[in-house]
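Residue-level structure breakdown
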Amino acid sequence: MRVILLDRIFENKEDMFSLLTEDSENYAFSDQQMQRIEENLLLRSVDKLPEISQKTIKEIEEPDPFVRTLLEEPDTYELWNSVDRQKKENQPDTILNLEELQHYIGIHTFFQYQQEQEEKEEAAQPPKEVGFISVSVGKGMTEIFKELGVDYLIEGGQTMNPSTEDMLNAIAKVNAKTIYIFPNNKNIVLAANQARDLTEDKEIVVVPTKTIPQGITAMISYVPEKNSAENTEAMLQAIEHVKTGQITYAVRDTRIDDKEIHEGDMMGIGDHGILAVGKDRMEVAKETVAQMVDDESEVISIYYGADTEEAEAEELATALEEAYPDCDVELNAGGQPIYYYVISVE
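To start, this report covers the structure provided alongside it. Every chain is numbered independently, its residues counted from 1 as its sequence is written. Residues qualify for local features only when their pLDDT is at least 70, as the model is predicted, and side-chain atom pairs are given and counted only at 80 or more; totals for whole chains, interfaces and linings, by contrast, use all residues. Hydrogens and water are ignored here; the side-chain numbers use all heavy atoms of the structure.

1. Comments concerning the packing of aromatic side chains
Here a Phe, Tyr or Trp ring, Trp counted by its six-membered ring, pairs with any other such ring whose centre lies within 6.5 Å, and the pair is stacked when the planes are under 30 degrees apart, edge-to-face when over 60, and tilted otherwise. Across all of its chains, the model carries five aromatic pairs by this definition. Both rings, one in Phe132 and one in Tyr180, keep their centres 5.6 Å apart while their planes meet at 20°; by these two values the pair is stacked. Here Phe132 is found in strand β1 (residues 128–136), whereas its partner Tyr180 is found in strand β3 (residues 176–182), with 48 residues between them in sequence. In this structure, Phe132 and Tyr180 share a single accessibility class: buried. For the ring pair Phe132 and Tyr222, a centre distance of 5.0 Å and an interplane angle of 75° mean the geometry is edge-to-face. Within this pair, whereas Phe132 is found in strand β1, its partner Tyr222 is found in the loop between α11 (212–221) and α12 (228–239), the two being separated by 90 residues in sequence. Grouping residues by exposure puts Phe132 and Tyr222 together as buried. Numbered from the N terminus, helices here are DSSP runs of H or I no shorter than four residues, and strands are runs of E no shorter than two. In this scheme, a residue with accessible area under 20% of its type's maximum is buried, one over 50% is exposed, and one in between is partly exposed, where area comes from a 1.4 Å probe on protein chains only.

Following this line, the structure appears as structure tokens:
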């Protein structure tokens, strides 16, 4: 739902913002505003929306401008239908009425308006010297990047690699003279480089990180007192010392790197191939780490995924502390899908 839908009702966006913030628990239109909608639509069921969207515009000689905008706005259907489906799952015999619609439109519009205001305020400020963009996946991973100072996070993942356009949109939203981009996936580096080449008003530095742990290490390596070239060199050197193992499951029978893998098996995937295969997730994780640790290893970082219990992750961390007493073992809630664990060794 775009803010323009409410521009037809409120005198200006500031009035809308005031209404929503004054009564944060009751996002709603006034009785007069609701009457205008009801008089034009006479709508009581989401099932009638497609029918009315075609008939009302044709049959009403001069429909209310707000109603016309509402009917012609595709996002309205998606928002409405989504809420209606969720409701029917819990209450199959009910329908989504206008009072509920106003509630959800109000909440959605409020947060979008708030985000737009923040972006406008930031854009009005003089650009800062340095900004950061990172691709992330999982709530925990995203929080880590935010805490490290990343300005803009792009959602990524195995099946949703950001495009060049996504990168350009992110660059436009970061008000900085120099912007570092951490792709954190080898399949996204190309899109980041293309966005860099298409950007003329900012200096874009693509640090070719291939895993999220590499991106975290690169961000930690940034030193404000250094210039762009010095920081880039430091980041490149730092990520060379990061090994990453990812624990997931096999979706089919296969053979990789001379390892026989069956559907449902646990796999430890390293930077250059399969490190471990087995039936037990914990044992595969331990073997994966064993393949990465060497005499120079100092830090083992564990990021457990959305499908991994914290107690199990703590058990793994304890086992690794006992196995590698010379290494610091760090445990973080990554929240990533697909991978039960993402483990890095530095």
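2. Here's the deal with the environment of Glu330
With respect to the helices and strands, the residue Glu330 is situated in strand β11 (residues 328–333). A residue is classified by how much of its surface remains accessible, and Glu330, at 39% relative accessible area, is partly exposed. Taking C-alpha positions, Glu330 is 6.0 Å from Ile302, a pair spaced 28 residues apart along the chain. Polar contact criterion, stated in full: a pair of N or O atoms within 3.5 Å, where within protein one must be able to donate a hydrogen and the other to accept it, and residues adjacent in sequence count only if both atoms are side-chain atoms. In this structure the side chain of Glu330 is engaged in a polar contact, spanning 3.4 Å, whose partner is the side chain of Ser301.

3. Side note on the environment of Gly131
Relative to the assigned elements, Gly131 resides in strand β1. Given the relative accessible area of 0%, Gly131 is considered buried. Note on contacts: a residue pair qualifies if any of its non-hydrogen atoms lie within 4.5 Å across the two residues. Every residue in contact with Gly131, bar those within four places of it in the chain, is listed here: Asp151, Val174, Ala176, Thr178, Ile179 and Tyr180.

4. Observations concerning the packing of helix α8 (residues 139–148) against α11
Between N-to-C directions, angles span 0 to 180 degrees; the directions come from axes that are lines fitted to C-alpha atoms, helices contributing only their stretch in contact. Two numbers describe how α8 lies on α11: the axes approach to 10 Å, and their chain directions differ by 10°. Considering the angle they form, α8 stands roughly parallel to α11. Residues Met141, Ile144, Phe145 and Leu148 of α8 form the contact with α11, whose own contacting residues are Ile212, Gly215, Ile216, Met219 and Ile220. Residues are grouped as follows: Ala, Val, Leu, Ile, Met, Phe, Trp, Tyr, Cys and Pro are nonpolar; Asp, Glu, Lys and Arg are charged; all remaining types, including Gly, are polar. For the contact of α8 with α11, the residue count by class is eight nonpolar, one polar and no charged. When describing relative orientation, an angle under 35 degrees is termed roughly parallel and one over 145 degrees roughly antiparallel, while 65 to 115 degrees is termed roughly perpendicular and anything else oblique.

5. Some thoughts on the pattern of salt bridges
Salt bridge, as used here: a side-chain nitrogen of Lys or Arg that lies within 4 Å of a carboxyl oxygen of Asp or Glu. Tallying each qualifying case throughout the model produces nine salt bridges. Glu129 is the salt-bridge partner of Lys177, the closest N and O atoms lying 3.1 Å from each other. Within this pair, whereas Lys177 is found in strand β3, its partner Glu129 is found in strand β1, the two being separated by 48 residues in sequence. By relative accessible area, Lys177 is classed as partly exposed at 44%. One salt bridge connects Glu312 with Arg281, and the closest N-O pair in it is separated by 2.8 Å. Of this pair, Glu312 sits in helix α14 (residues 310–323) while Arg281 sits in helix α13 (residues 281–292), placing them 31 residues apart in sequence.

6. Considering helix α9 (residues 164–173)
Residues Thr164, Met167, Ala170 and Ile171 constitute the buried set of α9. An end-on view of α9 places all buried positions within 120° of arc, on one side of the element. The exposed residues of α9 that point more than 90 degrees off its buried face are Glu165 and Ala172. Working definition: the arc comes from the directions between the helix axis and the C-beta atoms, pointing outward to the latter.

7. Some points on the nonpolar core
Counting 22 residues, the largest nonpolar core has Ile300, Ile302, Leu316, Leu320, Tyr341 and Ile343 as its most contacted members. Residue contributions to this core peak at five residues, all from α13. For Ile300, the residues in contact, after removing those within four places along its chain, are Val289, Val293, Leu320, Tyr324, Cys327, Asp328, Val329, Glu330, Ile343, Ser344 and Val345. Among buried residues, those of type Ala, Val, Leu, Ile, Met, Phe, Trp, Tyr and Cys that are joined through side-chain atoms within 4.5 Å constitute a nonpolar core. Judged by nonpolar contacts, the second largest core, of 20 residues, contains Ile144, Ala218, Tyr222 and Val342.

Don't take any of this as a statement about function, it's just geometry.
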